[in-house]
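Summary of the model geometry
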Amino acid sequence: MAQVFRLRLLLPVLAALVLASGCHPRPAGVEVHDPFETTNRAWFEANLALEQALLPVAPDRAERAEDPPPPRPLRTALRRVAANLSTPRWVVNDLLQARPDRGIENALRFAINTTVGLGGLFNPAGAMGLSGRPNDFGATLHAWGVNEGAYKVLPVFGPSTERDAAGMVVDSLLDPLDFALNRTERTATFALRQAGRVAERIEYDDILGPMVLESADPYAQARLLYLQNRRHFLGEPSEEEFIDPYADLFD
Amino acid sequence: MTLMPISSIDRRRFLIAGGAAALGLLAARPGLALSQADARALIGRVMGDVQRIINSGQPEAAMLREFEALFSRFGDVPTIARSALGPPARNASPAQLAAFTEAFRGYLARKYGRQFRRFAGASAQVTGARQIQRHWEVITTMTMRGEPPFEVRWHVSDMSGRNLFFNLIIEGVNLLAVERQEIGAMLERRRGNLDPMIQDLRRAG
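Presented here is an overview of the structure given in this document. (Residues numbered from 1 in each chain as written. Chains lettered and ligands numbered in written order. Predicted model: local features only at pLDDT ≥ 70, side-chain atom pairs only at ≥ 80, totals over all residues. Heavy atoms only, no water.)

1. Things to note about the sheet that holds strand S4 (residues 164–170) of chain B
All names here are of chain B. Here is the rule: A strand pair is defined by DSSP finding two or more bridges across the two strands. Runs of H or I in DSSP of at least four residues are treated as helices and runs of E of at least two as strands, each being numbered from the N terminus. Contact between two residues is taken to exist if any of their heavy atoms lie within 4.5 Å; hydrogens are not considered. Axis lines are fitted to C-alpha atoms, over the contacting stretch for helices. Their N-to-C directions set the angle, which ranges from 0 to 180 degrees.
One open sheet accounts for five strands, arranged S1-S2-S3-S4-S5; its pairing is antiparallel. Across the chains shown, the open sheet's two edge strands, defined by having one partner strand only, are strand S1 (123–132) and strand S5 (173–174). Pairing of strand S2 (residues 135–143) with strand S3 (residues 150–157), which is carried by seven bridges, proceeds in the antiparallel orientation. Residue pairing in the sheet places Thr141 in a bridge with Glu151 of S3. Contacts between helix H2 (residues 36–54) and the sheet are confined to S1, S2, S3 and S4, with S1 contributing the most and set at about 150° to the helix.

2. So, the environment of Ile53 of chain B
Residues and elements named next belong to chain B. Stated precisely, the cut-off is as follows: Note on classification: 1.4 Å probe, protein chains only; a residue is buried when its accessible area is under 20% of the maximum for its type, exposed when over 50%, partly exposed between these limits.
Its place among the elements puts Ile53 in helix H2. Residue classification places Ile53 among the buried residues on the basis of a relative accessible area of 1%. Note: C-alpha distance between Ile53 and Phe67 (14 residues apart in sequence) is 7.7 Å. With near-sequence residues (within four places) excluded, Ile53 lies in contact with Gln58, Met63, Glu66, Phe67 and Leu70.

3. What about the packing of aromatic side chains?
Residues and elements named next belong to chain B. Going by this rule: Stacked, tilted and edge-to-face are the three classes assigned to paired rings of Phe, Tyr and Trp, where Trp is represented by its six-membered ring and a pair needs centres within 6.5 Å; plane angles under 30 degrees give stacked, over 60 edge-to-face, the rest tilted.
Tallying each qualifying case throughout the model produces 13 aromatic pairs over all chains. Between Phe67 and Phe116 the ring centres are 6.1 Å apart and the planes differ by 20°, which places this aromatic pair in the stacked class. With Phe67 in helix H3 (residues 60–74) and Phe116 in helix H6 (residues 94–116), the pair connects residues that are 49 residues apart, well separated along the chain. The pair Phe67 / Phe116 is uniform in exposure class, with both members buried. Ring centres 5.9 Å apart and planes at 65° place the aromatic pair Phe71 and Phe165 in the edge-to-face group. Of this pair, Phe71 sits in helix H3 while Phe165 sits in strand S4, and the two are 94 residues apart along the sequence. Each member of the pair, Phe71 as well as Phe165, carries the same accessibility label: buried. Members of the aromatic cluster, joined through ring pairs, are Phe67, Phe71, Phe116, Trp154 and Phe165.

4. Regarding the packing of helix H3 (residues 73–96) of chain A against helix H4 (residues 100–115) of chain A
Residue and element names in this part refer to chain A. Just so we agree on the cut-off: Every angle not falling under 35 degrees, over 145, or within 65 to 115 is termed oblique; those three ranges are roughly parallel, roughly antiparallel and roughly perpendicular. For a crossing to be left-handed, the near helix must be turned anticlockwise from the far one by less than a right angle; the clockwise case is right-handed. Each residue receives one of three labels: charged for Asp, Glu, Lys and Arg, nonpolar for Ala, Val, Leu, Ile, Met, Phe, Trp, Tyr, Cys and Pro, and polar for the others, Gly being one of them.
Where H3 contacts H4, the two axes come as close as 8 Å, and the packing angle between them is 160°. Classified by the angle their axes make, H3 and H4 are roughly antiparallel. For the element pair H3 and H4, the recorded crossing hand is left-handed. Packed against H3, whose contacting residues are Asn84, Thr87, Pro88, Trp90, Val91 and Asp94, the element H4 presents Arg102, Gly103, Asn106, Ala107, Arg109, Phe110, Asn113 and Thr114 at the interface. Residues belonging to the contact of H3 with H4 are distributed by class as follows: five nonpolar, six polar and three charged.

5. Observations regarding the side chain of Glu137 of chain B
Residues and elements named next belong to chain B. Short version of the rule: Counting of polar contacts relies on pairs of N or O atoms within 3.5 Å, with two restrictions inside protein: one atom must be capable of donating a hydrogen and the other of accepting it, and residues adjacent in sequence are counted only when both atoms are side-chain atoms.
Mapped onto the secondary structure, Glu137 falls in strand S2. A distance of 2.7 Å separates a polar atom in the side chain of Glu137 from a polar atom in the side chain of Arg130. Separated by 2.7 Å, the side chains of Glu137 and His155 make a polar contact.

6. Examining the interface of chain B and chain A
Formally: The term buried area denotes the loss of accessible surface (1.4 Å probe radius) that occurs when two parts are joined, taken as the sum for both partners. Criterion for a salt bridge: a side-chain nitrogen of Lys or Arg within 4 Å of a carboxyl oxygen of Asp or Glu.
Each partner contributes residues to the interface: chain B has 47 residues there, and chain A has 38 residues. Between chain B and chain A the total buried area reaches about 4100 Å² when both faces are included, carbon and sulfur atoms providing 55% of it. Our count for the chain B to chain A interface comes out at one salt bridge. The closest approach of N and O atoms between Asp244 of chain A and Arg134 of chain B, which form a salt bridge, is 2.6 Å. Joining chain B to chain A, the criterion identifies ten residue pairs in polar contact (both at pLDDT 80 or more). Elements with a minimum of two residues in the side of chain B that touches chain A: helix H1 (4–22), helix H4 (77–85), H6, S1, S3, S5 and helix H7 (175–189) of chain B. A total of nine residues in the side of chain B that touches chain A trace back to one element, the largest contributor, which is H7 of chain B.

Structural data, given as structure tokens:
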């Protein structure tokens, strides 16, 4: 019953989100489109404070170990399980983007890691060369030609764009896994996914530290890193970002 | 978005430069004397060195010194530094510019050398190259078993008189764009005063 309701809810929500995601389109040639910077900065600070409170991460590098911590088995397992739980979403978006090759690769990966890999605790598919290709509804909206929209810092979830934020909502409504699970199982998968996010955050602390947290303007650095990395993930051409430092010599 | 608008502007500039060279106003510096093979070979050596350093098992300080030497040997650090500093470079004295370049060299090695360390044990190879304006972009891929491949693009030029890289794009993140923003923010924090900013830079990264 609840699932029928969810399905019926989905289409109008989807339509509204697609429309809303194009609310503040990024003009051509503008690399950073951030009309809500004041609000975004406030959320960014709040998220950092939350992170400091929740994560076992030393605030400055001096307190961290000289060498990066070895890949911790628990952390790796959590990241793998969380990625495995997300794989059905990837497949849905692969299909929505008319990329059957990726859909098949991800579906195979999910089948192998869920069974032989004991629910994703292990990664036998990766060893077979199926490294998995993450996908999401934000990328689907991009494939459908929706504009990136304004840059947004979401509470808890962090850097995003209007398009990606809309995508996140749709992904959570469209998850095929949810239709196969009961409420308790859904809660458990949600918790596992969040744990996976925390594990992921700790895993990349050695990059986030020097690139963002210790920089002169962490907000601006996080924004640039998110936008450039996200556009790379979406396969947007990078020519417009090409910098020729020798050009000045001829001015 | 194609290359056209950028390259047409550039071509004009290039023709002017070429005309000047023909008149003997500029040292003869033919465009793209650097071949694709040279550019690939250079980055192949860089990647070989990166792998040797990260797999050497030496302590971090020694590793970062090696990265600094690698940046000096294969990278056009003075040009990267000048570009990161942006317009304030024009008002800087030669001594300030030299001090900034030295501080920036160490900062680059610390900040980016550390990032390469996570690829200890990965296999790395040059997977492609393409021309962008008068330069080459060499694409390298690092693969760790079971993980999606990781891409680093190197921008290579002989405009300095030697074949050197002048930018790298790590999974889409443009080093020069990041450092222009970061150096700008550091300078702003010191109200535009270069000398205290150079002091900050020596400790950063």
